[in-house]
Structure formats: structure tokens, C-alpha cells
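A closer look at the structure
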Amino acid sequence: MPRYRNLEPTADFWSWRDAAACIGHEDLFYSLEDEVKGERRKKEDEAKEVCAVCPVFDTCRTFALETKELYGVWGGLTEAERHRIAGRHRTG
Ligand code: SF4
């Protein structure tokens, strides 16, 4: 059973994010729907570089996949990559 399925979003639920390398770099991790594709790709690549040295990388990636997080870069995976893994098509 996915480890996050029955958890409530309490402070404890998010405690792993206290060690996140992306703190302070949030602008790299989310793009506007109308953002120019090349600019989005550049930000995603930079976000992935931050993820690559993040101490909670595995937890973050597992969380994003298990909770079917729709938006942003999580655990080194872009929205499009997570959608592909889940067998969905990205709509935005
Ligand atoms: S793996 Fe990436 S998105 Fe996840 S907490 Fe770390 S830096 Fe942030």
C-alpha cells in the first residue's frame, strides 16, 4: 500500500521537506502554463540540478509519484515525466 495514502497533511506529514534543497529556489520548480517552452525547459533543468544534491530526493520522488502530484518538479521529475510514468497525458 502506498505509504502516503492515509496520512493527513499535518506538520509531521511534511517534515521531510524541512531538509529540501529547493527551499529558496521555488521559482525554478513551477512554471506558468503560458511560459515559453524553452524557458520552462531551462528552469526544469536547473531544478533537476538542485534535486540531484537534495538529501530528501528519494522521499520526495516517492511522495510525488504516490500522491500523483500534478504540478512542478519533484524528486528530479518534471510534470511531463511523472505523467508519462503514470500513463497520463499532460494537459497544460
Ligand atoms: S528532490 Fe527536488 S523537489 Fe524534492 S525536496 Fe529535493 S530539491 Fe525539492
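Residues numbered from 1 in each chain as written. Predicted model: local features only at pLDDT ≥ 70, side-chain atom pairs only at ≥ 80, totals over all residues. Heavy atoms only, no water.

Looking at the side chain of S31
Mapped onto the elements of the fold, S31 is located in the loop between α1 (26-29) and α2 (37-52). A polar contact is formed between the side chain of S31 and the side chain of E35, at a distance of 3.5 Å. Those residues within four positions of S31 in sequence are excluded, and the remaining contacts are R40 and K43. (Helix = DSSP H or I, 4+ residues; strand = E, 2+ residues; numbered from the N terminus. Polar contact = N/O pair within 3.5 Å; in protein donor to acceptor, adjacent residues only side chain to side chain. Contact = heavy atoms within 4.5 Å.)

Remarks on helix α3 (residues 57-66)
When we look at burial in α3, the residues that qualify are C60, F63 and A64. Viewed end-on, α3 has its buried residues packed into an arc of 95 degrees, placing them on one side of the element. Where α3 is buried, its residues contact α4 (79-86). (Buried < 20%, exposed > 50% of the residue type's maximum accessible area, 1.4 Å probe, protein only. Arc of directions from axis to C-beta.)

Describing a nonpolar patch on the surface
The grouping of Y30, L70 and Y71 at the surface amounts to a nonpolar patch, some 300 Å² of accessible area in total. Residue position: L70 is located in the loop between α3 and α4. Residue classification places L70 among the partly exposed positions, given a relative accessible area of 36%. (Patch = residues over 30% accessible without salt bridge, like charges linked within 9 Å, V, L, I, M, F, W, Y side chains within 5 Å. Areas by Shrake-Rupley, 256 points an atom, 1.4 Å probe, with all protein chains shown as cover. Salt bridge = Lys/Arg side-chain N within 4 Å of Asp/Glu carboxyl O.)

Observations regarding the site of the ligand
Neighbouring residues of the ligand: A20, A21, C22, F29, C51, C54, V56, F57, C60, V73, W74 and G75. Of the residues contributing to the shell around the ligand, the split by class is 11 nonpolar, 1 polar and no charged. (Near = heavy atom within 4 Å. Nonpolar A, V, L, I, M, F, W, Y, C, P; charged D, E, K, R; others polar.)

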